[in-house]
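# Residue-level structural notes
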Amino acid sequence: MMHKTVMRSMFKAVMITVLMFCAMTSAAQTDQQYTQYYEVPSYYNPAAIGNMDRIRIRAGGRLQWMGIDNAPRGIVLTGDMPLKLFGKRFAVGLVAQQESAGLFRNLSVGVQAGYKLKLWKGELTAGIQIGFANEVFKGSEVFIPDGDDFHEGADEAIPQTDVSGNALDLGAGVYYNHKWFWAGISGTHLNAPTITFEDDNGSTGSSGGSTSGESAKNYEFQLRRTLYFMAGSNIPVKNTLFEVMPSVLVKSDFTFTRVEVTGRIRYKKFLTAGVGYRHDDAVSAILGAEFKGFFVGYSYDYPISAISKASSGSHELILGYSLKLDLSDKNKNKHKSIRIM
């Protein structure tokens, strides 16, 4: 009965989230795209934390579209762990990311918390994320050549000084983890935070083209609400030491949708190799290795869009470490008393 009540509540929460997405407005989108999304799931879903009895840390970097000046460059850091309080299972996590693309720089940091419930021989987690987002535009590096037919040298729509701003950033999701598969749905930037820029002098988005007596120009940057669906499976190959690991990531802001499918094979839970396909964007080659809690993963994306004429591809590296925890109710170090007769 309790499970049914909890399931109804979670279903309502998911439906409310979806309805919120349907009402969103056009804005900018900043979430990074990682080919090894399955290694940093909590970056996309705050409920994907504490899904094993380990402290898990992942750090990654991505060089997008090599050969193109000022192409996106990003780093991500995630950490999470399960815990028990009052006989209940919870989880906590931390996520941070930084990306540069052109004259934009963005940074976000969030803390995550989740409540866990045993269900259908698996574990269901409902999680939230609270953090902040920082956006910087390097207006001092704007260069508009003379004779440009599309922009004026003092275009008021473009800041001429370095401007930046911060805003509260919220996310939520649900995630189900089973021995053989996992799946989750989540939303990032649920409050659609609007960042109002301030220049280095503290003025609100003033343009270098304005003169004294003119009102300051206001510049804003809005993060778009984004919906994610992730799912994957571990399928042992009978009578072998191999397992097949298919997975999928769907990302949508209801204006733009992208689907990525990945297929990997793991040997002895040690070596992993696979391929991926991101619709209308790239094909990927993936390699990974795990040993005594340490992890290293590398992927190379070859573009299949028109950008292949200018770029040789994208590189991604993810490193990690996990430390096993003992969350059992039994104390393995407990000693029996010895009675001397």
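Residues numbered from 1 in each chain as written. Predicted model: local features only at pLDDT ≥ 70, side-chain atom pairs only at ≥ 80, totals over all residues. Heavy atoms only, no water.

## Overview of the overall build of the protein chain
Stated precisely, the cut-off is as follows: The helix and strand labels rest on DSSP assignments: H or I over at least four residues marks a helix, E over at least two residues marks a strand, and numbering proceeds from the N terminus. With a 1.4 Å probe rolled over the protein chains alone, any residue whose accessible area is under 20% of its type maximum counts as buried; one over 50% counts as exposed, and the rest are partly exposed. Contacts are residue-level and defined by heavy atoms, with any inter-residue pair within 4.5 Å sufficient. Values of accessible area rely on a 1.4 Å probe in the Shrake-Rupley scheme; residue burial ignores everything except the protein chains shown.
Scanning the protein chain from N- to C-terminus turns up two helices and 18 strands. Across the 341 residues of the protein chain, 43% fall into the buried class. A sequence separation of at least 24 residues applies to 57% of the contacts in the protein chain between residues at least 6 apart. Surface exposure of the protein chain reaches about 18900 Å², of which carbon and sulfur atoms provide 62%.

## Details of the confidence of the model for the protein chain
So the rule is basically this: Note: pLDDT gives the predictor's confidence per residue, expressed from 0 to 100.
Looking at the protein chain, the pLDDT average stands at 82 and 77% of residues meet or exceed 70. Here helix H1 (residues 2–22) is the element of the protein chain with the lowest mean pLDDT, 42, and strand E15 (residues 271–278) is the one with the highest, 97. Residue range residues 331–341 is modelled with pLDDT below 50. Its contacts to residues more than four positions away, or to other chains, number one contact.

## So, the pattern of salt bridges
What counts is decided by this rule: Salt bridges are counted wherever a side-chain nitrogen of Lys or Arg sits within 4 Å of a carboxyl oxygen of Asp or Glu.
A full pass over the atoms with the stated rule returns 15 salt bridges. The salt bridge partner of Arg 89 is Asp 53, with a shortest N-O separation of 3.3 Å. In this pair, Arg 89 sits in strand E3 (residues 88–101) while Asp 53 sits in the loop between helix H2 (41–44) and strand E1 (54–66), placing the two residues 36 residues apart along the sequence. The class of Arg 89 is buried, set by a relative accessible area of 17%.

## Overview of the side chain of Glu 316
Examined against the element boundaries, Glu 316 turns out to sit in strand E18 (residues 313–324). By relative accessible area, Glu 316 is classed as buried at 1%. If we ignore the near neighbours within four places in the chain, the residues touching Glu 316 are Gln 33, Tyr 34, Thr 35, Gln 36, Gly 61, Arg 62, Gly 297, Tyr 298 and Ser 299.

## What about the packing of aromatic side chains?
Both the distance between ring centres and the angle between the ring planes are used here to describe each pair of aromatic rings. The condition is simple: In summary, the pairing rule links any two rings of Phe, Tyr or Trp, Trp by its six-membered ring, whose centres are within 6.5 Å, and it sorts them by plane angle into stacked for under 30 degrees, edge-to-face for over 60 and tilted for everything else.
Under the criterion given, the structure shown has 13 aromatic pairs. Relative to Trp 182, the ring of Tyr 175 lies with its centre 6.2 Å away and its plane at 15 degrees, an arrangement referred to as stacked. Each member of the pair, Tyr 175 as well as Trp 182, is classed as buried. On the numbers, 6.5 Å between centres and 65 degrees between planes, the contact of Phe 270 with Phe 291 is edge-to-face. Linking Phe 270 in the loop between strand E14 (257–267) and E15 with Phe 291 in strand E16 (residues 282–291), this pair joins segments that are 21 residues apart in sequence. Residue Phe 291 is classed as exposed on the basis of its relative accessible area of 54%.

## Some remarks on empty space enclosed by the protein
Just so we agree on the cut-off: Detection works on a 1 Å grid of protein atoms alone, calling trapped sets that fit a 1.4 Å probe cavities and calling open sets with protein on both sides within 12 Å along at least five of seven lines pockets, with lining residues defined by an atom within 4 Å of a point. Grid points are joined across faces, edges and corners, and a volume is the space filled by probe spheres set on the points. We call Asp, Glu, Lys and Arg charged. Ala, Val, Leu, Ile, Met, Phe, Trp, Tyr, Cys and Pro are nonpolar, and the rest, Gly among them, are polar.
Under the criterion given, the structure shown has three cavities of 30 Å³ or more. Listed by contribution, the elements that provide at least two residues to the lining of the largest cavity are H2, E3, strand E4 (104–119), strand E5 (122–138) and strand E6 (162–177). A total of five residues in the lining of the largest cavity trace back to one element, the largest contributor, which is E4. Split into classes, the residues belonging to the lining of the largest cavity amount to ten nonpolar, eleven polar and three charged.

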